[in-house]
Amino acid sequence: MKSFDVPIIYRSPLITAIKKKRKEQDKMKRDFTPTLLDLGSLQIYLARHFGFCYGVENAIEIAFRTIEENPGKKIFLLSEMIHNPQVNLDLQSHGVQFMQDNYGNQLIPFDELTPDDIVIIPAFGTTLELEKKLNDLGIQTEKYNTTCPFVEKVWNRSEQIARKNYTIIVHGKPKHEETRATFSHAAANAPSVIVKDMQQAIELGRYIKGEKPAEQFYNEFESQFSDKFDVTKDLGRIGVVNQTTMLASDTQAIADHLKQVMIEKYKLTLQTIEERFADTRDTLCYATLENQQAVSGMLQTDADLAIVVGGYNSSNTSHLVELCEEKLPTYFISSEEEILSANEIRHFNFHTKEEVLTSGYLPQKQPVRILITSGASCPDALVEAVVNKLISFFSVKLTTAEAISKF
Ligand code: SF4
């Protein structure tokens, strides 16, 4: 895969050495066992895949290049470029301003823009409506567009489905920038609905089967269906696409459920299913799949706790947390600063959206075994900082340079 010019502060010599060694040993990426950093009283297991993905590195390269090439110009980002607080703060410290928050609320009015200004489109992409608004204001959008090619692939897939007259069901978080962008592209081509989870997929299935009064749909799925959507007519032929960062098992279960609903409602067979249900695979991106597979591989290891590093509004990171939580105590942290001491850790509960302080998170035993991974928008430097912070609580003599020399 292409390599990108990303500021060195985001890189980690230790993690780079580990990743390089693993890549050399396993070119086909078939081995999902974690990497053991054996420090005696502390054993750290790093997931096989984690950290910056293609789309994030691409977006960071374009954003920092734009800053460098345009001194004196006003530079805006439509919203957070990626869901990592450190990267977003770094961009702001270089004078970049965010026009909207994560939920599409306006922070800077569009009428403050002039054709001379630069507006960067984030890795999640944007809606057709916003793109048009920027073009109408004379702002060039192509040159500073960091939309990830894997997101564009989902848009292309929905276009293909729409061409065959299927209604598009988007499995994603309705307020997430990427889902809003995908929904906008889908709705330009066909009737479209967003389902956020299995519960909503089940409810949608009940409308398909006619088990619920049609009028109720418009309240229940408020803001999640396209203009002029007719629940009595538009659910007779459907196809599913998804936000690239969803949990693979959820996405599969939702597609399977809706397929089964169509089979039952229209008495379909495997030969006739395509008359009503588009035959597509999920549209998760490679990084989401690899990171989730690597967590599953890492969870085969007996350990005391897991630490997941990433932005608290990062969808792909929260799914890694979800997987770890099923198996062992898991702490979702944005940086090493959340590890307050050997006794206390401040971490994020993404179910309640609250920060929590936990005491006694490190067991009183030896060795302590910790699993570590991070999301696709998390710099490796943050993971190294977490490793170093943990090492500082143990009587480990190994320096980072010595650790690197082992890889
Ligand atoms: S997580 Fe996937 S879709 Fe999102 S930016 Fe990274 S590679 Fe692209």
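Right above here is the structure, for reference.
Everything quoted here is computed from the prediction, not taken from an experiment.

What counts, and where the lines are drawn
- Each chain carries its own residue numbering, running from 1 in the written order of its sequence.
- Note on the predicted model: pLDDT of at least 70 is required for a residue's local features to be given, and 80 or more for side-chain atom pairs to be given and counted; whole-chain, interface and lining totals, by contrast, use all residues.
- Computation of side-chain values covers all heavy atoms of the structure but excludes hydrogens and water.
- The rule for pairing is simple: two strands pair if DSSP sees at least two bridges between them.
- Runs of E in the DSSP output that reach at least two residues are strands. Runs of H or I that reach at least four are helices, and both are numbered from the N terminus.
- Both site types are read off a 1 Å grid over the protein atoms alone. A 1.4 Å probe that fits but cannot get out defines a cavity, while an open set with protein on both sides within 12 Å along at least five of seven lines defines a pocket; lining residues have an atom within 4 Å of a point.
- Grid points are joined across faces, edges and corners, and a volume is the space filled by probe spheres set on the points.
- Any residue under 20% of the maximum accessible area for its type is buried, any over 50% is exposed, and the rest in between are partly exposed; the area is computed with a 1.4 Å probe on protein chains only.
- In summary, the pairing rule links any two rings of Phe, Tyr or Trp, Trp by its six-membered ring, whose centres are within 6.5 Å, and it sorts them by plane angle into stacked for under 30 degrees, edge-to-face for over 60 and tilted for everything else.
- A ring has a charge above it when a Lys NZ or an Arg CZ is no more than 6 Å from the ring centre and no more than 35 degrees off the ring normal.
- Summary of the distance rule: residues count as near a molecule or strand when at least one heavy atom falls within 4 Å of that molecule or strand.
- Pocket or cavity membership: a molecule qualifies when more than half of its atoms sit within 2 Å of the grid points of that site.
- As a working rule, the residues Ala, Val, Leu, Ile, Met, Phe, Trp, Tyr, Cys and Pro are called nonpolar, Asp, Glu, Lys and Arg charged, and the rest polar, with Gly in that last group.

## Quick word on the sheet that holds strand S3 (residues 75-77)
- Across the sheet, three strands lie side by side as S4-S3-S5; this open sheet has parallel pairing. The sheet terminates laterally at strand S4 (97-98) and strand S5 (118-120), the two strands that pair on one side only.
- When S3 meets S5, the two strands line up parallel, connected through three bridges. Considered in S5, the bridge of Ile75 is made with Ile118.

## Remarks on empty space enclosed by the protein
- Inspection of every chain in the model, using the stated rule, returns two cavities of 30 Å³ or more.
- Lining the largest cavity are 24 residues, with Cys53, Val56, Phe124, Thr245 and Asn316 sitting closest to its centre.
- Among the elements of the structure, helix H2 (54-69), helix H5 (149-163), helix H10 (286-298) and helix H11 (315-325) are those that each provide at least two residues to the lining of the largest cavity.
- Taken as a whole, the second largest cavity spans an internal volume of roughly 40 Å³.

## Comments concerning unusual backbone geometry
- Along the chain, Gln366 connects to Pro367 via a cis peptide bond; the corresponding omega equals -10 degrees.
- As for its placement among the helices and strands, Pro367 is situated in the loop between strand S12 (354-359) and strand S13 (368-374).
- Notably, Asn165 is not glycine yet its phi reads approximately 65 degrees, a positive angle.
- Its place among the elements puts Asn165 in the loop between H5 and strand S6 (167-171).
- Judged by relative accessible area, which is 60%, Asn165 ranks as exposed.
- Of note, Lys353 is a non-glycine position whose phi angle comes to about 60 degrees, a positive value.
- Position of Lys353 relative to the elements: it lies in the loop between strand S11 (344-349) and S12.

## A short note on the packing of aromatic side chains
- Across all of its chains, the model carries 17 aromatic pairs by this definition.
- Aromatic side chains Tyr218 and Phe225 sit 5.4 Å apart centroid to centroid with 85 degrees between the ring planes, which places their arrangement in the edge-to-face category.
- A relative accessible area of 23% means that Phe225 is categorised as partly exposed.
- Seen from their ring centres, Phe225 and Phe229 are 6.3 Å apart, and the 45 degrees between their planes marks the pair as tilted.
- Looking at Phe229, the relative accessible area reads 5%, which means it is buried.
- Here a set of aromatic residues connected by ring pairs shows up, and it is made of Tyr207, Phe217, Tyr218, Phe221, Phe225 and Phe229.
- Sitting above the plane of the Tyr266 ring, Arg276 keeps its charged end 3.8 Å from the centroid.

## Topic: the site of the ligand
- In the neighbourhood of the ligand, the contacting residues comprise Cys53, Gly55, Cys148, Phe150, Val151, Thr244, Thr245, Cys285 and Tyr286.
- More than half of the atoms of the ligand fall within 2 Å of the grid points belonging to the largest cavity.

## A short note on the layout of surface pockets
- Space inside the largest pocket adds up to approximately 890 Å³.
- What lines the largest pocket is a set of 26 residues, among which Lys19, Lys23, Lys29, Phe52 and Glu57 lie closest to the centre.
- Broken down by secondary-structure element, the contributors of at least two residues to the lining of the largest pocket are helix H1 (13-25), H2 and H10.
- Looking at the lining of the largest pocket element by element, the count peaks at five residues for H1.
- Looking at the second largest pocket, its volume works out to about 720 Å³.
- Lining the second largest pocket we find 25 residues, and of these Lys173, Ser315, Ser318, Phe350 and Lys353 sit closest to its centre.
- For the lining of the second largest pocket, the leading source of residues is H11, giving four residues.
- Residues of the lining of the second largest pocket, tallied by class, amount to seven nonpolar, 10 polar and eight charged.

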